[in-house]
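# Notes for the structure review
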Amino acid sequence: MIKFILNNKLISTNESPGMTTLDFIRYNKHLVGTKIGCREGDCGACTVLVGQLRDEKMIYNTMTSCIAPLGNMQGKHIVTIEGLNMEKMTPVQAAMVEESGTQCGFCTPGFVVSLSGFAMSSEEVTFKNAISAIDGNICRCTGYKSIERAAQIIVDQLQAKDLKDPVNWAIENNFIPIYFNTIPERLKEIIPLPAISKNGTSTKVGGGTDLYVQRHDDMHHADIDFLFDKTNLNGIHIKDNEVIIQGGATASDLLYSKELNAHFPNLWQHLKLVSSTPIRNMGTIAGNFVNASPIGDLTAFFIGLNASITLSDGANKRTILLKDFYKGYKILDKKPYEIIESVHFKIPDANTHFNFEKISKRRYLDIATVNSAMSLRLKDDIITEIYISAGGVGPTPLLLENTCNFLQGKILNIQNIQEALDFIQSEISPISDARGTAEYKRLALRQIVFAHFTECFPQTFKIEALI
Amino acid sequence: MKNVDAKNHVSGKSIYLDDIPVRQGTLHALLYDAPVAHAIITHIDYSEAEALEGVVRIITHQDIPGENQIGGIFPDEPLLAENDIHFWGMPIALIIAESEYIARQARALVKIEYKELPVITDPREARKQDSLIFPPRTFKIGNPENTWENCEYVFEGEADSNGQEHLYIETQGAYAYPTEHGSIRISSSTQGPTAVQKTAARVLGVDMNRIEVDVTRLGGGFGGKEDQATAWGVLCALAAQILQKPIKYSVHRMDDMRITGKRHPYRSDYKIGLDKNLKIIAYEATFHQNAGAAADLSPAVMERTLFHATNAYFVPNVQVTAYSCKTHLPPNTAFRGFGGPQGMFVIESAIAHAANELGIPARDIQAANLLKDGDEFPYGQIVDYCNAGSTWTDAISTYNIKTIQKEVDNFNINNNHLKKGIAVMPVCFGISFTNTPMNHARALVHVYQDGSVGVSTGGVEMGQGLNTKMVQVAAHIFNIHTNRIKLETTNTTRVANTSPSAASATADLNGKALEIACEKILERLIYVAAKQMNCAEEAISIREEKVCVNGQPTELAWEKLIQTAFLSRVSLSEKGHYATPNIHFDKQKEKGHPFAYHVYGTAITTVTVDCLRGLYEVDSVKLVHDFGKSMNTAIDDGQVEGGLVQGIGWMTMEEIIYNKKGRLLSNALSTYKIPDIYSVPGEITIKPLATEGHPLAIRKSKAVGEPPLMYGIGTYFAIQNAVKAFNPNYILKFDAPFTPEKVLMGLYEGREVLAKVKAEEEKA
Ligand SMILES: Cc1cc2nc3c(=O)[nH]c(=O)nc-3n(C[C@H](O)[C@H](O)[C@H](O)COP(=O)(O)OP(=O)(O)OC[C@H]3O[C@@H](n4cnc5c(N)ncnc54)[C@H](O)[C@@H]3O)c2cc1C
Ligand code: FES
Ligand code: FES
């Protein structure tokens, strides 16, 4: 039995936990304001808000319900467009009408839900953040300009928002209905799913953002072990000079982590290149590692940090370098019943420079053509340690070992880097596919590896070196 | 006035196909479609699929009582394949099951074997093999053959543009159920209700009056639901007729992308000749349209390519020929612009080519050749009410092109990592269906006893704001509040024999018909009012819901007037019929006056290219557009912004990829990218041209749906100019879309870096 609150109603259902939240909302509950555009997490038409009680407070995040398993909704508050409607339009709805941010209207509930989520979030109220809240919503009609104007109106109205208690502020200012204030108490009464330890054959689901795209139909009746809310898999800590990120941390958890932001000043730019807000709210790092896509962004990110992962089969744990996790195309050094508990890496010190690059057809919300991360430690002008990862250029995510070995101990100067760039080509074996020709991928990787240096050392490295 | 549907849209209350409450016993349909592009079926085995619990029936071509034929223009497209497969995704069988889920399970159990045949995906290859949908057509004016020798400069080349997936966010779908007397009612997500009705009647072997088609609204169409919505409606109707059950089919995105056609890819040759004053005195082009496996709307699309081959320019000697090439792709179809953009891309390429060779900005050539009143289009229509020059001049001066150019030049001198490029794109687009017989429409108006008004037209609301404009038209004629007026669904039993909502002409045609209907009722109301007020009819008018005598408001208000008319047994219902006057076209001579009027505009696009990564952003698009006298600026501006961004998508990131076997690789939203909020221009500025509008436009407010898409073409040339600024070795290519791959390869072609990479790839 799964229990959650859907809008203002308590739901207890015996539906298969592998069912998508979207199907439950639309076809079991006939709440048809939530639309279907792709069933792949890529359009945002099915966006809902999912609220969780954390430290006595409700935190609401957007999720694409089409790839969110019902099993992950236990003990949560799901809000659809119907759950936001009041007698009068909310300020978000009014702004969308005022600026003609809706034409055919099919994408519109998704935008309204996302912007309403922004209104009740504790994020700083800026135009940039408002747009970020709708970065997973695709509209084919408007060209977005009218939606941007609506977002600006909302940003203006949110200036007075109480960031400490945004949900109540949103209630008081009619952004959301009053019943929201009853939710925390009501959620407390829902007893969480017993943490059943499933047997080894059950399918492990984190956010489901990969599985529900790849194996959509199988998931409905699958025997599933839901990892998303397991407490031992959540959290980001610093211990003994190491950053430890639990496997169930989502990309959003990384993005908003104080610890990580302290060490990675460009984290926002880097992680914004990964999927979209609702997908980042669901997709976990372990899921990214295990789906074993050669172009997984988080995989490239952490290989570039020379991170290790700890695997557990319930009884025993073992730790390996992330780069060694990949044995061949979608072949992992992992037994079916092992889970990734955490990923950990040395805290970058003041002499360590880090950068992440990604090239894709569309800058945001697109899978990489190639990606790469680099961490480089300098002593004076000698490279004492260097790790450069590369995705999209072989059957697995790579660490460019030869290139790194070559640079290790060398002086950081243009000649050495030029030479290193030539090394890359012998380490990679890209293929031509829908994301680009092999030739292009070779060139693109070379360019973004060079970009690591122009980003980290803009005074020394300039594009002129390539002309 | 804001969109009348906006409040429902923002609260999720608007009803689309999949939102219609289903009737008890509704069954779900799913196509089994060919997993090969060209083949003969050698063996079929449905037994396992049929045996699956919950599967009700598998319907094949043998079950069709009428004709197995859905071709709209030519009868060359079966609804369900018989023996021959002509494209990857061709429908073969319709699985009917108790749920969509079961139907999908059953689909995996269908076993069909094929003998595969050679596949053609390239239109040039098709032409070589004489594989044409119908004979080529040529538009000609003057005599280019004899002009080349008089030209100071002549340039020849090739220009290709790829297709474009419509990506309406609501996928295709239909819901059909049997009614009495052997009839079927179909709810359809279609731009062309009559096409669905007519085709269903043909396939089911019944009269058209047995098929009722109803459309509430579409979650986007863009041409993709003009002809290609028909199959789904007909499939549901067929199953409903056979099983006497309600049948629903809401198509999965990947099925939709695989099975339906898209904007036509074109491969073209051009030859352009200029005199020393940069006047284009001769132009030739050969267009190879990739029609796909059946005609669909290709003949009409091809025709519009010819009509718009010279865009906004006057060229005295033109010969343009188009071939509709039959390949093994899904039949390509209408898409906003309807062949016009493909034609314009070629002449813009020719101009860019010439400008590059002459070392001048393309806009010097563009400006020297803009249309003016009295010029003749290659198809014989004489240019009047021309705004090519005025929108151009207005854009150039309002936005100060010289300053923009200087800023770009300075930026490029000071930066190597980033380079900027600009381009100017004039547009001239003809309004009317080029097939003259289609230019008519009807509207049905009921004024109810309480003074409320119900309006039905043949137009379909798909986000373009048609319903809102229709409300405005009726409110204007009656001079009553807009909230008294309700737009009904589009239904073939209320308004029959309609043309599809397409060609940007829907508001004009249906609006004019609506005006006529409202005016007839108004005339009768005035007669009633005159009698009531005891004065001459000429003295009567209605203003702000009040009857006025000689302009003075009286006590007689709208509601009372309606009651009085009703009690006097005056008809409060009326039908209006409108057919566009003055248009004609002779397909033998390829001359005539096919368009009611033209829409003009000019856009200036600025882009920035990241020369390290090959990525780019559109900084701004600043344009002057000829709206006529816009009757709704909010809606019309929205059409400009949305159309422009679609055009930019077509020119940049939207890349349709079929492999050599004819399989679509860009088959999902994860592999086919349309603009997201971050990829639209940083700034879009729209200035309406000050003009009186055109009498044949509804309330002088010109059609606005399609023309703005073509402003997006400027993006291609702006990016090209930025690439040129970085790489003097770059050789101009005209091969849209300008994807990040093409940009990066262009930035480094002829440079050592790329040579090295190529050598490595060859080694590997
Ligand atoms: C629209 C969209 C856009 C995307 N964009 C990007 C992108 O830009 N970059 C990118 O890298 N990815 C992208 N992805 C892919 C995906 O979101 C990520 O890979 C995500 O991190 C997967 O995590 P998950 O928890 O959702 O995985 P799930 O689907 O839950 O699981 C994936 C795999 O991991 C296994 N698994 C999950 N957790 C564990 C665990 N703790 N231990 C062991 N095995 C586990 C599962 O059994 C399964 O095999 C995108 C996906 C979508 C739908
Ligand atoms: S339906 Fe497209 S994201 Fe869910
Ligand atoms: S309004 Fe049509 S998709 Fe956004």
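Residues numbered from 1 in each chain as written. Chains lettered and ligands numbered in written order. Predicted model: local features only at pLDDT ≥ 70, side-chain atom pairs only at ≥ 80, totals over all residues. Heavy atoms only, no water.

### Here we look at empty space enclosed by the protein
It is the rolling of a water-molecule-sized probe over the atoms that shows where space remains empty. Residue and element names in this part refer to chain B. Under the defined criterion, the tally for this structure stands at 11 cavities of 30 Å³ or more. Here the largest cavity defines a volume of roughly 460 Å³. Met 462, Gln 464, Ser 504, Gln 639 and Gly 705 are the residues nearest the centre of the largest cavity, which is lined by 33 residues in total. Of all the elements, helix α15 (residues 506–533) adds the most residues to the lining of the largest cavity, at 3 residues. Counted by class, the lining of the largest cavity contains 14 nonpolar, 13 polar and 6 charged residues. (1 Å grid on protein atoms, 1.4 Å probe; cavity = no way out; pocket = protein on both sides within 12 Å on 5 of 7 lines; lining within 4 Å. Points joined across faces, edges and corners; volume = space filled by probe spheres on them. Helix = DSSP H or I, 4+ residues; strand = E, 2+ residues; numbered from the N terminus. Nonpolar A, V, L, I, M, F, W, Y, C, P; charged D, E, K, R; others polar.)

### A few points about the nonpolar core
Ranked by size, the top nonpolar core spans 273 residues in total, and within it Phe453(A), Tyr283(B), Phe478(B) and Tyr748(B) carry the most contacts. Of all the elements, α15(B) adds the most residues to this core, at 13 residues. One finds Met90(B), Ala103(B), Leu204(B) and Ile259(B) within the second-largest nonpolar core, a separate group that totals 64 residues. (Core = buried A, V, L, I, M, F, W, Y, C linked by side-chain atoms within 4.5 Å. Buried < 20%, exposed > 50% of the residue type's maximum accessible area, 1.4 Å probe, protein only.)

### Here we look at the interface of chain A and chain B
Tallying the contact residues gives 82 residues for chain A and 83 residues for chain B. Interface area, chain A with chain B, both sides summed: about 7,100 Å², of which 60% is carbon and sulfur. One salt bridge connects Lys673(B) with Asp42(A), and the closest N-O pair in it is separated by 3.8 Å. At the surface where chain A touches chain B, the tally comes to 39 residue pairs in polar contact (both at pLDDT 80 or more). Listed by contribution, the elements that provide at least two residues to the side of chain A that touches chain B are α1 (21–28), α2 (91–98), α3 (108–119), α4 (127–133), α5 (145–157), β15 (352–359), α17 (414–427) and α18 (438–456) of chain A. Considering each element in turn, the side of chain A that touches chain B owes the most residues, 13 residues, to α18(A). Looking at side-chain class alone, the side of chain A that touches chain B contains 34 nonpolar, 22 polar and 26 charged residues. (Contact = heavy atoms within 4.5 Å. Buried area = accessible area lost by both parts, 1.4 Å probe. Salt bridge = Lys/Arg side-chain N within 4 Å of Asp/Glu carboxyl O. Polar contact = N/O pair within 3.5 Å; in protein donor to acceptor, adjacent residues only side chain to side chain.)

### Describing the domain arrangement of chain B
All names here are of chain B. Structurally, chain B comprises domain 1 (6–117 + 166–259), domain 2 (266–433 + 590–751) and domain 3 (440–579). One C-alpha centre belongs to domain 2, the other to domain 3, and the line joining them spans 39 Å. Facing 21 residues of domain 2, the contacting portion of domain 3 comprises 21 residues. Between domain 2 and domain 3 lies a buried interface of about 1,600 Å² when both sides are counted; carbon and sulfur atoms form 56% of it. Ranking the residues of domain 2 by area buried against domain 3 places Phe 433, Ile 698 and Arg 699 at the top, with a combined share of 42%. At the surface where domain 2 touches domain 3, the tally comes to 1 salt bridge. Between Asp 636 and Lys 469 there is a salt bridge, with its nearest N and O atoms 2.7 Å apart. Seen at the junction of domain 2 and domain 3, the total is 8 residue pairs in polar contact (both at pLDDT 80 or more). A per-class count over the side of domain 2 that touches domain 3 returns 12 nonpolar, 5 polar and 4 charged. (Domains from an automatic or database assignment.)

### Some thoughts on the sheet that holds strand β19 (residues 485–487) of chain B
Residues and elements named next belong to chain B. Pairing is mixed across the open sheet formed by 4 strands, whose spatial order is β19-β18-β17-β24. The sheet is open, and its two borders are formed by β19 and β24 (573–579), each paired with just one other strand. Across the sheet, the axes of successive neighbouring strands diverge by a mean angle of 20 degrees, strand direction being ignored. One ladder, built from 3 bridges, connects strand β18 (residues 453–457) with β19; its direction is parallel. Each residue of the ladder has a partner; that of Val 453, found in β19, is Ile 485. Each of β17 (440–447), β18 and β19 touches helix α14 (residues 466–478); the most contacted strand, β19, lies at about 145 degrees to it. (Pairing = 2+ DSSP bridges. Axes fitted to C-alpha atoms, helices over the stretch in contact; angles between N-to-C directions.)

### Quick look at the side chain of Ser257(A)
Residue and element names in this part refer to chain A. Following the sequence through the fold, Ser 257 ends up in the loop between α10 (251–255) and α11 (258–263). Judged by its relative accessible area of 5%, Ser 257 is buried. Within the structure, Ser 257 has its side chain in polar contact with the backbone nitrogen of Leu 260 (distance 2.9 Å).

### Considerations on the packing of α18(A) against helix α19 (residues 740–748) of chain B
One can describe the packing of α18(A) onto α19(B) by two numbers: an axis separation of 10 Å at closest approach and a directional angle of 70 degrees. Considering the angle they form, α18(A) stands roughly perpendicular to α19(B). When α18(A) is examined against α19(B), the residues Glu439(A), Tyr440(A), Leu443(A), Ala444(A) and Gln447(A) are found in contact with a partner set consisting of Pro740(B), Glu741(B), Leu744(B), Met745(B) and Tyr748(B). In terms of residue class, the contact of α18(A) with α19(B) is built from 7 nonpolar, 1 polar and 2 charged. (Parallel < 35°, antiparallel > 145°, perpendicular 65-115°, else oblique.)

### Some details on the pattern of salt bridges
Under the criterion given, the structure shown has 77 salt bridges over all chains. A salt bridge links Glu641(B) to Arg149(A); its shortest N-O distance comes to 3.1 Å. With Glu641(B) in helix α17 (residues 633–651) and Arg149(A) in helix α5, this pair bridges two chains. Residue classification places Glu641(B) among the buried positions, given a relative accessible area of 4%. The exposure class assigned to Arg149(A) is partly exposed, which follows from its relative accessible area of 33%.

### A few points about the site of ligand 1
All names here are of chain A. Neighbouring ligand 1 are 33 residues, the closest being Lys 204, Gly 206, Thr 209, Thr 284 and Asp 297. Within the contact set of ligand 1, an oxygen atom lies 2.9 Å away from a side-chain nitrogen or oxygen of Asn 291. Separating a nitrogen atom of ligand 1 from a backbone N or O atom of Ile 340 is a distance of 2.8 Å. When the free accessible area of ligand 1 is taken as 980 Å², the share hidden by the protein chains comes to 92%. The element that contributes the greatest number of residues to the shell around ligand 1 is helix α14 (residues 285–290), accounting for 4 residues. Considered class by class, the residues forming the shell around ligand 1 number 12 nonpolar, 12 polar and 9 charged. (Near = heavy atom within 4 Å. Areas by Shrake-Rupley, 256 points an atom, 1.4 Å probe, with all protein chains shown as cover.)

### A word on the sheet that holds strand β8 (residues 153–161) of chain B
Residues and elements named next belong to chain B. Pairing within the open sheet is mixed, and its 6 strands lie in the order β7-β15-β14-β13-β8-β30. The sheet is open, and its two borders are formed by β7 (132–141) and β30 (735–736), each paired with just one other strand. Bridge count for β8 against β30 is 2 bridges, and the pairing is parallel. Looking at β30, one finds that Asp 160 is bridged to Asp 735.

### Focus on the packing of aromatic side chains
The way to describe two aromatic rings as a pair is by their centre distance and the angle between their planes. Residue and element names in this part refer to chain A. As enumerated under the stated definition, the model contains 39 aromatic pairs over all chains in all. Pairing Tyr 60 with Phe 180 gives two aromatic rings, centres 5.6 Å apart and planes at 55 degrees, and the pair type is tilted. Pair noted here: Tyr 60 is in strand β4 (residues 57–64) and Phe 180 is in the loop between α6 (166–172) and α7 (183–188), with a separation of 120 residues, a long-range link. An angle of 55 degrees between the planes, with centres 5.8 Å apart, marks the rings of Phe 301 and Phe 356 as tilted. With Phe 301 in helix α15 (residues 297–303) and Phe 356 in strand β15, this pair connects stretches of sequence that are 55 residues apart. (Phe/Tyr/Trp six-rings, centres within 6.5 Å; stacked < 30°, edge-to-face > 60°.)

### Examining the pairing of strand β15 (residues 318–326) of chain B
Across the 9 residues that make up β15(B), a large majority, 7, are buried. In this view, the connection linking strand β14 (residues 280–292) of chain B to its parallel neighbour β15(B) by way of helix α9 (residues 298–307) of chain B has right-handed handedness. (Right-handed = clockwise from strand over helix to strand, strands pointing away.)

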